Amino acid sequence: MGLPALKHDTHRAQPRGPRLRVVKSRPSSKKSTRSRANANEAAAQAFVFFAVVVVIVAALGFGRIWLSVRAAQASMDSTRLRSEIKLEQYEGDMLEVQQSALATPSRIQALAGGAMGMRPAKSVA
């Protein structure tokens, strides 16, 4: 057998954690207070702007959904009206056929002669 590829030195001290140091805070000056106030004001304005944009986008989204629903309803109403129009046209055509069948001269002559006892006129004055 051969020797290991790496030699581990167990006698050397290894650091236990990161080296940390205590930093004392600087006394606050009026400049830093003003800059914090300006930063807070800018953040508030940015938040208001963002909120307005979100509300506008939401309103546009709801408007688009509402228009889509209205278009779907109009399409369904249109389909229903077309079917009703076709049905009414069919019924009108059937009534015209019945009227033309009832108005034939031979039928009228047969009804007049049989049910009412009428005969053709001998002379017309």
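Located above this text is the structure these notes cover.
This one's a predicted model, so the numbers in the text were calculated from it and none came from an experiment.

A. Molecular detail of the overall build of the chain. A tally of helices and strands in the chain yields 2 helices and 0 strands. Each of the 125 residues in the chain was classed as buried or not, and the buried ones make up 1%. Looking at the chain as shown, the accessible area adds up to about 13000 Å², and 63% of this sits on carbon and sulfur atoms.

B. Here's a closer look at the pattern of salt bridges. Counted by the stated rule, this structure contains 2 salt bridges. The salt bridge involving Asp77 is made with Arg80; its shortest N-O contact spans 4.0 Å. On the criterion of helical spacing, the pair formed by Asp77 and Arg80 is a turn pair, its members being 3 residues apart in helix H1 (residues 30–102). For Asp77, a relative accessible area of 38% translates into the label partly exposed.

C. Just helix H2 (residues 105–115), in detail. In terms of residue burial, H2 counts as a barely covered element, since only 1 of its 11 residues are buried. Downstream of H2 by a residue or two, Gly117 has a phi angle that is positive, lying close to 70 degrees.

D. Local environment of a nonpolar patch on the surface. There is a patch of nonpolar side chains on the surface, built from Phe47, Val48, Val52, Ile56 and Leu60 and spanning about 510 Å² of accessible area. By the secondary structure assignment, Phe47 is in helix H1. Among the residues examined, Phe47 registers a relative accessible area of 57% and is labelled exposed.

Quick notes on the rules
- Residues numbered from 1 in each chain as written.
- Predicted model: local features only at pLDDT ≥ 70, side-chain atom pairs only at ≥ 80, totals over all residues.
- Heavy atoms only, no water.
- Helix = DSSP H or I, 4+ residues; strand = E, 2+ residues; numbered from the N terminus.
- Buried < 20%, exposed > 50% of the residue type's maximum accessible area, 1.4 Å probe, protein only.
- Areas by Shrake-Rupley, 256 points an atom, 1.4 Å probe, with all protein chains shown as cover.
- Salt bridge = Lys/Arg side-chain N within 4 Å of Asp/Glu carboxyl O.
- Patch = residues over 30% accessible without salt bridge, like charges linked within 9 Å, V, L, I, M, F, W, Y side chains within 5 Å.

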